[in-house]
Amino acid sequence: MPQTTQQDSGRGLWYGMAAYGIWGLFPLFWPLLEPGAADDILANRMVWSLVAVILMLVAQRHWSWIRPLLRQPRRVAMLAGAATVISVNWGVYIWAVNNGHVVETSLGYFINPLVTIAFGVLVLKERLRGAQWTAVGIGAAAVAVLTVAYGRLPWIALVLALSFATYGLLKKQVGLSGLESLAAESAFMFPFALGYLVYLELSGRGTFGHTVPGSYGWGHSALLMLSGVITAIPLLFFGAAAVRVPLTVLGLLQYLAPVFQFLIGVAVFHESMPPARWAGFALVWAALALLTWDALRQVRADRAGRAALRPQPAPAQPETVRR
């Protein structure tokens, strides 16, 4: 491999680690926005995400994708659907983190690959290999164990996994880059988010632009504005990684985020992890290990198949001996 390609792949790996690392550290950021409620934080995140992404598009002078998109109503409709489900995902995630359910949010992103596989079967009519079926079965057993452990259905994890899997399915159909997709989705949700912020202001529940002695000051408003940048930056890193490293590498890197979230929930916020919950998480991790092993095995098999089909050079002909 040429040195420049190796360097590019190395940068891609760091970009991917940065993207998933930032996503994994999100549980440390959202509590800083209290005493803002989850709906207040979510509305501000939507508004300031559009501001941040527009500034990035201006800096890159990257507007050529908008007109072709607007000429395709089906893609626009799917983007509207993606904006809706990611708003649900964001809202539940922020509420869960700020209400002491960080470990359960990590569970949602651990089981997300399993839900994505199930969507592939149910929606895209894909055929699964035996190991994938086994992994999905283990994941279902894990949800049953965790339902008993929590004393309720782990609805936070399930909503996060289902909404993000739906979001991924819609984004796959639309085919936009991370920054372009965030711009379109933020534009869809901006009128609703801005209108809701006005409602919060009129009802006295809004926190942006206010100061309360002994509670929060202008730094709180600055952090609310920063939520837009915090949302956009990892997407830029992810986009830079996606064009530099194989999808199998990205697939492995995606586990960084829930690992960080889990560790933060247990080590920083000291959330309870009784033995039954450990058993449920162990089943999830076993399913993911099986899924990863199967994916790597399939990659090796595909490479071997391509190598076998590659034309082989003709054997060298012996020189004719001159007499």
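You'll find the structure just up there.
Thresholds, definitions, all that
- Residues numbered from 1 in each chain as written.
- Predicted model: local features only at pLDDT ≥ 70, side-chain atom pairs only at ≥ 80, totals over all residues.
- Heavy atoms only, no water.
- Axes fitted to C-alpha atoms, helices over the stretch in contact; angles between N-to-C directions.
- Helix = DSSP H or I, 4+ residues; strand = E, 2+ residues; numbered from the N terminus.
- Left-handed = near helix turned anticlockwise from the far one by under 90°.
- Contact = heavy atoms within 4.5 Å.
- Nonpolar A, V, L, I, M, F, W, Y, C, P; charged D, E, K, R; others polar.
- Patch = residues over 30% accessible without salt bridge, like charges linked within 9 Å, V, L, I, M, F, W, Y side chains within 5 Å.
- Areas by Shrake-Rupley, 256 points an atom, 1.4 Å probe, with all protein chains shown as cover.
- Salt bridge = Lys/Arg side-chain N within 4 Å of Asp/Glu carboxyl O.
- Buried < 20%, exposed > 50% of the residue type's maximum accessible area, 1.4 Å probe, protein only.
- Phe/Tyr/Trp six-rings, centres within 6.5 Å; stacked < 30°, edge-to-face > 60°.
- Lys, Arg positive; Asp, Glu negative; His and termini not counted.
- Polar contact = N/O pair within 3.5 Å; in protein donor to acceptor, adjacent residues only side chain to side chain.

S.K.: Could you give an account of the packing of helix α5 (residues 102-122) against helix α12 (residues 275-309), naming the residues involved and the relevant values?
M.R.: As a packed pair, α5 and α12 sit with axes 10 Å apart at the nearest point and diverge in direction by 35°. Crossing handedness for the pair α5 and α12: left-handed. In this structure, α5 contributes Val-103, Ser-106, Leu-107, Phe-110, Ile-111, Pro-113, Leu-114 and Ile-117 to the contact, and α12 contributes Phe-281, Val-284, Trp-285, Ala-287, Leu-288 and Leu-291. Tallied by class, the residues present in the contact of α5 with α12 amount to 13 nonpolar, 1 polar and no charged.

S.K.: Could you give an account of a nonpolar patch on the surface, naming the residues involved and the relevant values?
M.R.: There is a patch of nonpolar side chains on the surface, built from Leu-25, Leu-28, Val-259, Phe-260, Leu-263, Val-268 and Phe-269 and spanning about 540 Å² of accessible area. Counting residues per element, the ones that place at least two in the nonpolar patch are α1 (3-29) and α11 (256-268). Examining the composition of the nonpolar patch, we find that 4 residues originate from one element, α11, more than from any other. Residue classification places Phe-260 among the partly exposed residues on the basis of a relative accessible area of 30%.

S.K.: Outline the pattern of salt bridges, listing residues and values.
M.R.: Going through the model one piece at a time under the given rule, you end up with 4 salt bridges. Here Arg-205 and Asp-39 are joined by a salt bridge, their closest N and O atoms 2.7 Å apart. Taken together, the residues Arg-205 in the loop between α8 (178-203) and α9 (218-242) and Asp-39 in helix α2 (residues 38-60) connect sequence positions 166 residues apart. Looking at Arg-205, the relative accessible area reads 41%, which means it is partly exposed. Among the ionic pairs, Asp-294 bridges to Arg-129, the shortest N-O distance being 2.7 Å. Residue Asp-294 is located in helix α12, and its partner Arg-129 is located in the loop between α5 and α6 (130-150); the two are separated by 165 residues in the primary sequence. Via salt bridges that share partners, Arg-129, Asp-294 and Arg-297 belong to a single interconnected network.

S.K.: I'd love a proper account of the environment of Val-243, names of residues and values included.
M.R.: By secondary structure assignment, the location of Val-243 is in the loop between α9 and α10 (247-253). Along the chain, Val-243 and Tyr-93 lie 150 residues apart, while their C-alpha atoms are 28 Å from each other.

S.K.: Provide a residue-level description of the packing of aromatic side chains, including the pertinent values.
M.R.: Summed over all chains, the structure comprises 18 aromatic pairs. Aromatic side chains Phe-281 and Trp-285 sit 5.7 Å apart centroid to centroid with 55° between the ring planes, which places their arrangement in the tilted category. Here Trp-285 and Phe-281 lie together in helix α12, a separation of 4 residues that amounts to about one turn. Residue classification places Phe-281 among the buried residues on the basis of a relative accessible area of 0%. In this structure Trp-285 comes out as partly exposed when scored by relative accessible area, which is 29%. Among the aromatic side chains, those forming a connected cluster through ring pairs are Phe-110, Phe-262, Trp-278, Phe-281 and Trp-285.

S.K.: Please set out the side chain of Asp-40 residue by residue, giving values where relevant.
M.R.: Mapping Asp-40 onto the fold places it in helix α2. No salt bridge is formed by the buried Asp-40. Its closest oppositely charged neighbour is Arg-205, at 7.8 Å. At 2.5 Å, the side chain of Asp-40 forms a polar contact with the side chain of Thr-207. Residues contacting Asp-40, with those up to four places away along its chain left out, are Leu-197, Leu-200, Arg-205, Gly-206 and Thr-207.

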